[in-house]
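Now for the letters of each chain:
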Amino acid sequence: PTLSVVDIHIPKTLKAFAKACSIMANCVGPYRHSGEMVVKACVEEGCHYLDISGEPEFIESVAVKYNDEAARKGISVVSAVGFDSIPADIGTEFVRGLFEEKGAKCSSIESYLTLKSKSTAALHFPTWESAVYGFHNQGNLKEIRSKLFKEKLKYIGRKLKVKGIFWNKQLGRWCLPFPGADASIVKRSQLFRQSVLSKDPIQYVAYFTVSSLFYLLLIMLFGAIFGFLAKFEFGMKLLLSYPQIFSFGLFSKEGPTEEQLRDTSFEMTFFAKGIPSGSDKESLSINAAINGPEPGYIATPIFMVDSIFGLLEGKGNGNGGVHTTASLFDSQWLIESLKRDGISFVEIQ
């Protein structure tokens, strides 16, 4: 293989590199700093683009700015092709399929993310940096989303409300709303299902879980400190300078050890409701789960490499534009591919 070194801040060399590629996989964040210039070069030079960003502001601004040009040129641009947000996005379509097998329609899904670790979990600094900038600039999302979601989603069934902090008896864990990109990615996929495929969109709410009241209180304390400091420039500097202190050791510039990677895994559980055939009542419930290895450094490469091969093998829908994984790929193909690589998709009886 040939190694090329390209400075993304020199458009001429970046465009030349994009022109020489058929697919570019961007693995360097925070994407608000290093993403858009790469997307721009790929779209202009006719190169498919993928990344593993979980930053809603970047992801959605790219959709607003580049969808039309990418569509005209037949170029596929897709973000969140990693742990954010393939389990949520493709998991939603997996659950849809379980309902369709029973001749029913899925109306709503609540997903619950559980991280399991035999040792102390650890995450790398760029993820922390992305979160700091994301919270600091979250006010920008309202304007972006007013342009992105012009068409109203016509959900079926009862309105799904976002709950606060609560105890889930089925899981035996405390639950909180998940602040990442999952919900917005799934919403974009459901908009595609409605507007392009004429399918009923599925309501979706994402939560994450913790095992004890102690960890719940710790997360609440962390959230309060983080949310306050991230609003201000001085607070951002503190958060970025001392990630280990302000994340209680979870984030560091060293990242996880081999042992921590080996000892960590994830489970995303889906509790779904739907409407049986011939009925207008939301009376059918189906539960499912996706399980996989450590999400950031083991599962995410699996997600991304399978997506790259999907484009190489022509498994995309053939329509250019800025996509989610569920709007770009045949979901059943991607599910089977991920299963072969150690990601499990199961219905819970």
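Residues numbered from 1 in each chain as written. Predicted model: local features only at pLDDT ≥ 70, side-chain atom pairs only at ≥ 80, totals over all residues. Heavy atoms only, no water.

## Describing the packing of aromatic side chains
One pass over the structure, following the stated rule, counts 18 aromatic pairs. Pairing Phe94 with Phe345 gives two aromatic rings, centres 5.5 Å apart and planes at 65°, and the pair type is edge-to-face. Highlighted residues: Phe94 in helix H5 (residues 86–101) and Phe345 in strand S13 (residues 344–348), separated in sequence by 251 residues. Of the residues examined, Phe94 reaches a relative accessible area of 11% and is grouped as buried. (Phe/Tyr/Trp six-rings, centres within 6.5 Å; stacked < 30°, edge-to-face > 60°. Helix = DSSP H or I, 4+ residues; strand = E, 2+ residues; numbered from the N terminus. Buried < 20%, exposed > 50% of the residue type's maximum accessible area, 1.4 Å probe, protein only.)

## Comments concerning a nonpolar patch on the surface
Together, Phe228, Phe232, Phe234, Leu238, Tyr242 and Ile245 make up a nonpolar patch on the protein surface, roughly 600 Å² of accessible area in all. Among the secondary structure elements, Leu238 is positioned in helix H10 (residues 233–241). Owing to a relative accessible area of 32%, Leu238 belongs among the partly exposed residues under this scheme. (Patch = residues over 30% accessible without salt bridge, like charges linked within 9 Å, V, L, I, M, F, W, Y side chains within 5 Å. Areas by Shrake-Rupley, 256 points an atom, 1.4 Å probe, with all protein chains shown as cover. Salt bridge = Lys/Arg side-chain N within 4 Å of Asp/Glu carboxyl O.)

## Notes on unusual backbone geometry
Residues other than glycine predominantly adopt negative phi, and peptide bonds predominantly adopt the trans conformation. Cis peptide bonds are those with omega within 30 degrees of zero, and the linkage from Gly29 to Pro30 qualifies with -5°. Topologically, Pro30 is positioned in the loop between strand S1 (23–26) and helix H2 (31–34). That bond from Asp84 to Ser85 is cis: its omega, 10°, falls within 30 degrees of zero. Structurally, Ser85 can be placed in the loop between strand S3 (76–78) and H5. One non-glycine residue with positive phi stands out, namely Ala80, at about 60°. With respect to the helices and strands, the residue Ala80 is situated in the loop between S3 and H5. Overall, Ala80 belongs to the buried group, its relative accessible area being 2%.

## What about the environment of Phe345?
Of the residues examined, Phe345 reaches a relative accessible area of 7% and is grouped as buried. Sequence spacing of Phe345 and Lys118 is 227 residues, and the spatial spacing of their C-alpha atoms is 23 Å.

## Things to note about the nonpolar core
Grouped burial of nonpolar side chains is what soluble globular proteins tend to show. The biggest cluster of nonpolar side chains holds 46 residues, and the ones touching the most others in it are Leu50, Val95, Ile109, Phe303, Leu338 and Phe345. Put simply, the parts of the chain that give this core at least two residues each are H5, strand S4 (105–117), strand S8 (203–210), strand S10 (264–275), strand S11 (284–293), helix H13 (295–312), helix H14 (325–328) and helix H15 (331–340). For this core, the leading source of residues is H5, giving seven residues. Once you skip the residues sitting within four places of it in the chain, Ile109 turns out to touch Thr92, Val95, Leu160, Ile202, Gln203, Tyr204, Val205, Phe270, Phe271 and Ala272. Counting residues in hydrophobic clusters, the runner-up holds 27 residues, among them Val43, Phe58, Val62 and Tyr66. (Core = buried A, V, L, I, M, F, W, Y, C linked by side-chain atoms within 4.5 Å. Contact = heavy atoms within 4.5 Å.)

## Some remarks on the pairing of strand S2 (residues 48–51)
On any regular strand, side chains alternate: one points to one face of the sheet, the next to the other face. In terms of strand pairing, S1 meets S2 through four bridges, oriented parallel. What sits directly across from Ile23, in S2, is His48. The pairing of S2 with S3 spans two bridges and is parallel. Bridge pairing in S3 links Leu50 to Val78. Chirality of the crossover, the property in question, places the unit of S2, helix H4 (residues 56–73) and S3 among those that are right-handed. (Pairing = 2+ DSSP bridges. Right-handed = clockwise from strand over helix to strand, strands pointing away.)

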